[in-house]
Amino acid sequence: MVELKQLIINNVEFNVENFEEKTITHSTTGEQLKKIGFAFSVIGKKDYNLYDFFFESPHFELTIVDTNEKLKMKNISHSTFYQAAEISDNTKVVFRIKLQQEPAQEKEFTKDQKLMVNAVNEVVLSRVRFNALEEVLEEKGLIKGDELFNKIEKVAKRDFDMLKKELLDGKEEINT
């Protein structure tokens, strides 16, 4: 355990009672990140409510005063401990906080990964459009039952290979 006395979180100073620091490897970026745990105490219901609400936030900017290191952190957990049935104005409440450093930036997609994401988005959008068109045609009574799917089978047999070649080879090459 490191003997750290003070942290600043979102411009609020904390007198730290216990401090633990670990280094972890981020699963997607491979970046080495800090995971910290610490405790601090407050007295009374008013301060308890104030800090309990403060640590509901999902993200923090943390400064380690001893090293002047500034880190973007995400909230992993916060809990409290007190020895009373109910918090009064003189009840001591201990907060235990766990924060994890956020990666500097998420891993950039490669050109192939971007193409795959775009392709998936296009497929999903095409299916959404198809479903909407099918619903409109059925609601207006223009198609019934398997009529649309029978037509799709017929057109697929007729046009599938040509459309596939057009997509893979480009339209210009097919027309020349």
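In short, a report on the structure. Bear in mind the structure is a predicted one, so any value in this text is a computation, not a measurement.

## So, the environment of Ser88
Take Ser88: it is sitting in the loop between strand E6 (69-81) and strand E7 (92-101). The spatial distance from the C-alpha of Ser88 to the C-alpha of Phe14 is 22 Å, given a sequence separation of 74 residues. Discounting residues that sit within four places of it in the chain, Ser88 has contacts with Gly44 and Lys45. A polar atom in the side chain of Ser88 sits 2.8 Å from the side chain of Asn90.

## Notes on helix H2 (residues 111-139)
The end-to-end C-alpha distance of H2, which contains 29 residues, comes to 42 Å, matching closely the 42 Å that a straight helix rising 1.5 Å per residue would cover. Remark: Gly141 follows H2 within two positions and exhibits a positive phi of approximately 75°.

## Some remarks on helix H1 (residues 45-54)
Among the residues making up H1, those that are buried are Tyr48, Tyr51 and Phe54. The arc that holds every buried residue of H1, seen down its axis, measures 130°, which confines them to one face. Looking at H1, the residues exposed on the side facing more than 90 degrees away from the buried face are Lys46, Leu50 and Phe53. Turning to H1, the residues buried within the fold contact strand E1 (6-9), strand E2 (12-15), strand E4 (32-43), strand E5 (59-64), E6 and E7.

## Considering the pairing of E4
Of the strand pairs in this sheet, strand E3 (residues 18-25) and E4 are connected by 8 bridges, and their pairing is antiparallel. Across the sheet, residue Ile24 finds its bridge partner in E4, namely Leu33. Between E3 and E4, which follow one another and run antiparallel, lie 6 residues, and Gly30 among them has a positive phi close to 75°. Here E4 runs beside E7; their pairing, made up of 9 bridges, is antiparallel. Each residue of the ladder has a partner; that of Val42, found in E7, is Val93.

## Some remarks on the pairing of E2
As judged from the 4 bridges shared by E1 and E2, these two strands associate in the antiparallel manner. Note that in E2 the partner of Ile8 across the bridge is Glu13. What sits between E1 and E2 in their antiparallel hairpin is a turn of 2 residues, with Asn10 showing a positive phi close to 50°.

What counts, and where the lines are drawn
Residues numbered from 1 in each chain as written. Predicted model: local features only at pLDDT ≥ 70, side-chain atom pairs only at ≥ 80, totals over all residues. Heavy atoms only, no water. Helix = DSSP H or I, 4+ residues; strand = E, 2+ residues; numbered from the N terminus. Contact = heavy atoms within 4.5 Å. Polar contact = N/O pair within 3.5 Å; in protein donor to acceptor, adjacent residues only side chain to side chain. Expected span 1.5 Å × (residues − 1). Buried < 20%, exposed > 50% of the residue type's maximum accessible area, 1.4 Å probe, protein only. Arc of directions from axis to C-beta. Pairing = 2+ DSSP bridges.

So, to be careful, I would describe these as geometric facts and stop short of saying anything about function.
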